[in-house]
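Residue-level listing of the chains:
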Amino acid sequence: MLLILLGPPGAGKGTQAGQLVEDYGLAYISTGAILRNAVKEGTGLGQKARQYMDLGQLVPDELVVEIVKDRLQQPDCEKGALLDGFPRTVEQATFLEKVLPDTGKKVDCVLLIEVAEEELIERLTGRRVCSECGTNFHVTHKPPKVRNVCDECGGALYQRADDSLETVKERLEVYKNQTAPLIDFYEGRNVLARIDGNQEIESVRDQIKGTVDKL
Ligand code: ADP
Ligand code: ADP
Ligand code: ZN
């Protein structure tokens, strides 16, 4: 099975991903997490990607598609995979269609999580992320049990540089211009499922589960 989480920054893709991966035994592929890791480690990829990420812009397609191509060939993807934050342009989606047949997979469902814009800004500026395991929290909507400490692993929480108000606004623009066209793209392929992301985390999870169980 191959699932894609689509939606604007802050929609709750990362938050929903953990449960989905567990419930359906999927490999988790978050291009954002892979890129942030590359920046942290200071690899060649990280050095190239950083300038774009800091500005809230997309990393060039040719860098990102290589990451995904390699990742999909790893053994843990045999049972299936969940893509979070990829594809983000029509070019990336077209690339995915080209390489998937080699892996014996097709896109089974694109879960589009829709959330009102004011709420997205609230969610992103209040987001806190674990520096060790990447789990997402929110200062009010999903606070950790101990302030600034990860519930899962005890790691320190931090605020992503690109979650500042100014960069958040840029990312929302980038989403509208470059990523939103994927809604029509996948609707045309009859694999799009719309999820109301304005609800509580549990309710969004139930909607997603209801959709995936029917596949
Ligand atoms: P969000 O929480 O906003 O959905 P991500 O963690 O998915 O953010 O991505 C963070 C940044 O990493 C993006 O703003 C972009 O610079 C880069 N990035 C992640 N995935 C992609 C992709 N598929 N194509 C291009 N850039 C990407
Ligand atoms: P994305 O991966 O789509 O960028 P995240 O999963 O990181 O989004 O969620 C963004 C922020 O909003 C996080 O701080 C998260 O705790 C919070 N959040 C996620 N889902 C909900 C929800 N349904 N209601 C309220 N806050 C949420
Ligand atoms: Zn953690």
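Note that the coordinates shown come from a computational prediction; the quantities given were computed from them, not determined experimentally. (Residues numbered from 1 in each chain as written. Chains lettered and ligands numbered in written order. Predicted model: local features only at pLDDT ≥ 70, side-chain atom pairs only at ≥ 80, totals over all residues. Heavy atoms only, no water.)

Student: Looking at this model, I keep getting lost on the packing of aromatic side chains. Mind explaining?
Tutor: Where two aromatic rings form a pair, the distance of their centres and the angle of their planes describe that pair. Summed over all chains, the structure comprises 1 aromatic pair. Over the face of the ring belonging to Phe137 we find Lys142, whose NZ or CZ atom lies 4.9 Å from the ring centre. Residue placement shows Arg189 over the ring face of Phe185; its charged tip is 3.9 Å from the ring centre. (Phe/Tyr/Trp six-rings, centres within 6.5 Å; stacked < 30°, edge-to-face > 60°. Lys NZ or Arg CZ within 6 Å of the ring centre and 35° of its normal.)

Student: Explain the coordination of the zinc ion (ligand 3) here, please?
Tutor: Four donors placed tetrahedrally around a metal ideally meet at 109.5 degrees, and six donors placed octahedrally ideally meet at 90 or 180 degrees. Of the protein atoms, only Cys130 (SG), Cys133 (SG), Cys150 (SG) and Cys153 (SG) coordinate the zinc ion (ligand 3), at distances of 2.2 to 2.3 Å. Taken together, the 4 donor atoms surrounding the zinc ion (ligand 3) define angles of 98 to 115 degrees at the centre, an arrangement classified as tetrahedral. The motif formed by the donor residues of the zinc ion (ligand 3), counted along the single chain, is C-x2-C-x16-C-x2-C. One end of the pair, Cys130, is in strand E5 (residues 127-130); the other, Cys150, is in the loop between strand E6 (136-138) and strand E7 (157-158), with 20 residues separating them in the sequence. (Donors = N, O, S within 2.8 Å, 3.2 Å for Na, K, Ca; no water. Tetrahedral: all angles 85-135°; square planar, octahedral: opposite > 155°, others 65-115°. Helix = DSSP H or I, 4+ residues; strand = E, 2+ residues; numbered from the N terminus.)

Student: When you look at the pattern of salt bridges in this model, what are you seeing that I'm missing?
Tutor: Two side chains that carry opposite charge are able to pair once their charged atoms sit near each other. On inspection of all chains with the given rule, the structure shows 15 salt bridges. Between Lys106 and Asp108 there is a salt bridge, with its nearest N and O atoms 2.6 Å apart. By relative accessible area, Lys106 is classed as exposed at 54%. The exposure class assigned to Asp108 is partly exposed, which follows from its relative accessible area of 23%. Glu114 is the salt-bridge partner of Arg194, the closest N and O atoms lying 2.8 Å from each other. Placement of Arg194 in strand E8 (residues 192-196) and of Glu114 in strand E4 (residues 109-114) is noted, with a sequence separation of 80 residues between them. Relative accessible area serves as the criterion here: at 32%, Glu114 is assigned to the partly exposed category. (Salt bridge = Lys/Arg side-chain N within 4 Å of Asp/Glu carboxyl O. Buried < 20%, exposed > 50% of the residue type's maximum accessible area, 1.4 Å probe, protein only.)

Student: Is there a simple way to explain the sheet that holds E6 in this structure?
Tutor: Sheet strands pair by backbone hydrogen bonding; their relative direction is either parallel or antiparallel. If you walk across this open sheet you meet the 3 strands as E6-E5-E7, and the pairing is antiparallel. On the outer flanks of this sheet lie E6 and E7, each paired with one strand and no other. In the sheet, E5 pairs with E7 via 2 bridges, with the strands oriented antiparallel. Bridge assignment links Cys130 to a residue of E7, and that residue is Leu157. Strands in contact with helix H6 (residues 117-125) are E5 and E6; relative to E5, the strand with the most contacts, it is inclined by about 40 degrees. (Pairing = 2+ DSSP bridges. Contact = heavy atoms within 4.5 Å. Axes fitted to C-alpha atoms, helices over the stretch in contact; angles between N-to-C directions.)

Student: Help me understand the site of ligand 1, please; the structure alone is not making it clear to me.
Tutor: Lining the immediate surroundings of ligand 1 are 18 residues, of which Thr31, Arg36, Gln57, Gly85 and Arg171 lie closest. Side-chain polar atom of Arg36 to an oxygen atom of ligand 1: 2.8 Å apart, as the coordinates give it. At a separation of 3.2 Å, an oxygen atom of ligand 1 approaches a polar side-chain atom of Arg127. Here ligand 1 loses 96% of its free accessible area of 560 Å² to cover by the protein chains. Of all the elements, helix H2 (residues 31-41) adds the most residues to the shell around ligand 1, at 4 residues. Here the shell around ligand 1 is composed, by residue class, of 7 nonpolar, 5 polar and 6 charged. (Near = heavy atom within 4 Å. Polar contact = N/O pair within 3.5 Å; in protein donor to acceptor, adjacent residues only side chain to side chain. Areas by Shrake-Rupley, 256 points an atom, 1.4 Å probe, with all protein chains shown as cover. Nonpolar A, V, L, I, M, F, W, Y, C, P; charged D, E, K, R; others polar.)

Student: Please clarify how unusual backbone geometry should be interpreted in this entry.
Tutor: A negative phi holds for most residues other than glycine; trans holds for most peptide bonds. In the segment running from Phe86 into Pro87, the intervening peptide bond is cis, with an omega of -5 degrees. Even without a glycine there, the phi angle at Asn148 is positive, about 65 degrees. Structurally, Asn148 is set in the loop between E6 and E7. Asn148 gets classed as partly exposed once you look at its relative accessible area, which sits at 35%. Phi at Asn190 takes a positive value of approximately 60 degrees, unusual for a residue other than glycine. Its location among the elements puts Asn190 in the loop between helix H8 (181-187) and E8. Given a relative accessible area of 72%, Asn190 falls into the exposed group.

Student: Sorry if this is basic, but what is going on with the sheet that holds strand E1 (residues 2-6) here?
Tutor: Judged by pairing direction, the sheet is parallel, and its 5 strands sit side by side in the order E2-E3-E1-E4-E8 without closing on themselves. Of all strands in the sheet, those with a lone pairing partner are strand E2 (27-30) and E8, marking the two edges. Across the sheet, the mean angle from the axis of one strand to that of its neighbour is 20 degrees, orientation sign disregarded. Lying on the sheet, helix H1 (residues 13-24) is in contact with E1, E2, strand E3 (81-84) and E4; it crosses E3 at an angle near 175 degrees.

Geometry only, nothing functional implied.
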